[in-house]
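Each chain, letter by letter, is given below.
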Amino acid sequence: LSARVSKIRLDKNGAQLGKHEDRAKPLQHALEEKHDGPATSLALTADSFEAHHHKHDVMVVNFYAPWCHWCKKLEPVWEKTAATLNQKYPGDERLKLAKVDCTAHNAESLCIKNRVDAFPTILVFRKDDTGTSLHESYHGERSVPAITGWAEHFVAQLKNNAPKTRMVDADKDGNVDSHHGVGCMVSGLLHVQRAPGMLVMQAVSEGHDFNWETMDVSHTINHLSFGPFLSESAWTVLPPHIAAAVGTLDDHKFSSDQHIPTTHEHYVKVVRHEVTPPARWRADPVISYGYVAHSNNIQKVGEVPTLRLNYDILPIVVQFSEKKQAFYHFITNLCAIIGGVFTVAGIVASVVDKGLASLKKKQELGKLG
């Protein structure tokens, strides 16, 4: 199996935000940080969140769960970063760091509203946000210097010393530290063996723990086909029913129910088609691969939401060709039709004549009453 696959970030409206590139160097999260001072970040709940949201120009919020391993490692980093910013900008209420415990009864709805399904999740909220605003999330290194430098970028934005963009590369290393993407478009080409196989897409992270109950793997299959790409002339050769089978799942949408772990499975049976066009077309034969598909949802508590595509390339070849019928076949069929019409007409005429003759004879004998 070899692959050439690209991933493009998408916002909640499906707009492309740029290509996702794997980092040249893995992130070095601070795992042994210590903070001995008091907690300086704001602890928020669903009741207090909106008041602080529209009080500060920028509020950076850490959504966490106490059971999460990575959240425990981030806690001292987060508090030390908040203390550092307070010391660097004393009395400045424009930028605040806050935190929300997503397991707390009075905060769970807030995490669901913001579609938090990975812990920790760091989101940016602004005073002028509306109900449709996009909140960028932080994907950079979780260390005091890295988060402090990233947060200071928002201070520069407030002072009009930096572009007011929602895609920030604070350390200028070529990798975006934060963006407002919530989805991904996967495209590319896979070379597979002519044997049954499976393609699996699942959330994986070396720095997050997931809440599988809220993980959403809803997706749209824009295009899925097997075999070589077909030229425009090849598409004109294919009969409509074979052309439609090349991309059976194209433009199909599959949605997951909220708060229920949903796995989507697609079962695909692939068949090779060989189409030979009529000689008068002066076109080359076309080889295509069509498939039939069956899709199913699996909803089970504790199941990891996954997208699975099971494919089976069948050892069958369907040959399609068109042959022109000779002219004498047409004449023969025409004569047969004409002869049949005359035969039926003769039978009907004979029955009618005999009926009239019988009636006439009875009339002569006076038996008609």
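### Let's talk about the packing of aromatic side chains
Part 1: Using the criterion set out here, one finds eight aromatic pairs in the structure.
Part 2: Between the aromatic rings of F226 and Y291, the centroid separation amounts to 5.7 Å while the plane-to-plane angle is 75 degrees, which identifies the pairing as edge-to-face. Here Y291 lies in strand β16 (residues 286-299) and F226 lies in the loop between β13 (219-221) and α5 (232-237), a separation of 65 residues in the sequence.
Part 3: Take F226: its relative accessible area is 15%, and that puts it in the buried class.
Part 4: What makes Y291 buried here is its relative accessible area of 2%.
Part 5: Through successive ring pairs, a cluster of aromatic residues spans F49, F63 and F125.

### A short note on the environment of G183
Part 1: Take G183: it is sitting in strand β10 (residues 183-191).
Part 2: You can call G183 partly exposed: its relative accessible area is 32%.
Part 3: With 152 residues separating them in the primary sequence, G183 and C335 have C-alpha atoms 67 Å apart.
Part 4: If we skip the residues at most four places from it in the chain, G183 touches I8, R9 and L10.

### A few points about unusual backbone geometry
Part 1: That bond from F119 to P120 is cis: its omega, -5 degrees, falls within 30 degrees of zero.
Part 2: Mapped onto the elements of the fold, P120 is located in the loop between β6 (118-119) and β7 (121-126).
Part 3: Of note, R115 is a non-glycine position whose phi angle comes to about 50 degrees, a positive value.
Part 4: Position of R115 relative to the elements: it lies in the loop between α3 (108-113) and β6.
Part 5: The backbone phi angle of D251 is positive, close to 65 degrees, even though this residue is not glycine.
Part 6: Structurally, D251 is set in the loop between α6 (240-246) and β14 (252-254).

### Side note on the packing of helix α2 (residues 69-88) against helix α4 (residues 144-158)
Part 1: At a closest axis distance of 9 Å, the pairing of α2 and α4 adopts a crossing angle of 50 degrees. In terms of their interaxial angle, α2 and α4 are classed as oblique. Here the hand of the crossing between α2 and α4 comes out right-handed. On α4, the residues that touch L74, V77, W78, K80, T81, T84, L85 and K88 of α2 are V144, I147, T148, A151 and E152.
Part 2: Of the residues contributing to the contact of α2 with α4, the split by class is seven nonpolar, three polar and three charged.

Cut-offs applied
- Residues numbered from 1 in each chain as written.
- Predicted model: local features only at pLDDT ≥ 70, side-chain atom pairs only at ≥ 80, totals over all residues.
- Heavy atoms only, no water.
- Phe/Tyr/Trp six-rings, centres within 6.5 Å; stacked < 30°, edge-to-face > 60°.
- Helix = DSSP H or I, 4+ residues; strand = E, 2+ residues; numbered from the N terminus.
- Buried < 20%, exposed > 50% of the residue type's maximum accessible area, 1.4 Å probe, protein only.
- Contact = heavy atoms within 4.5 Å.
- Axes fitted to C-alpha atoms, helices over the stretch in contact; angles between N-to-C directions.
- Parallel < 35°, antiparallel > 145°, perpendicular 65-115°, else oblique.
- Left-handed = near helix turned anticlockwise from the far one by under 90°.
- Nonpolar A, V, L, I, M, F, W, Y, C, P; charged D, E, K, R; others polar.

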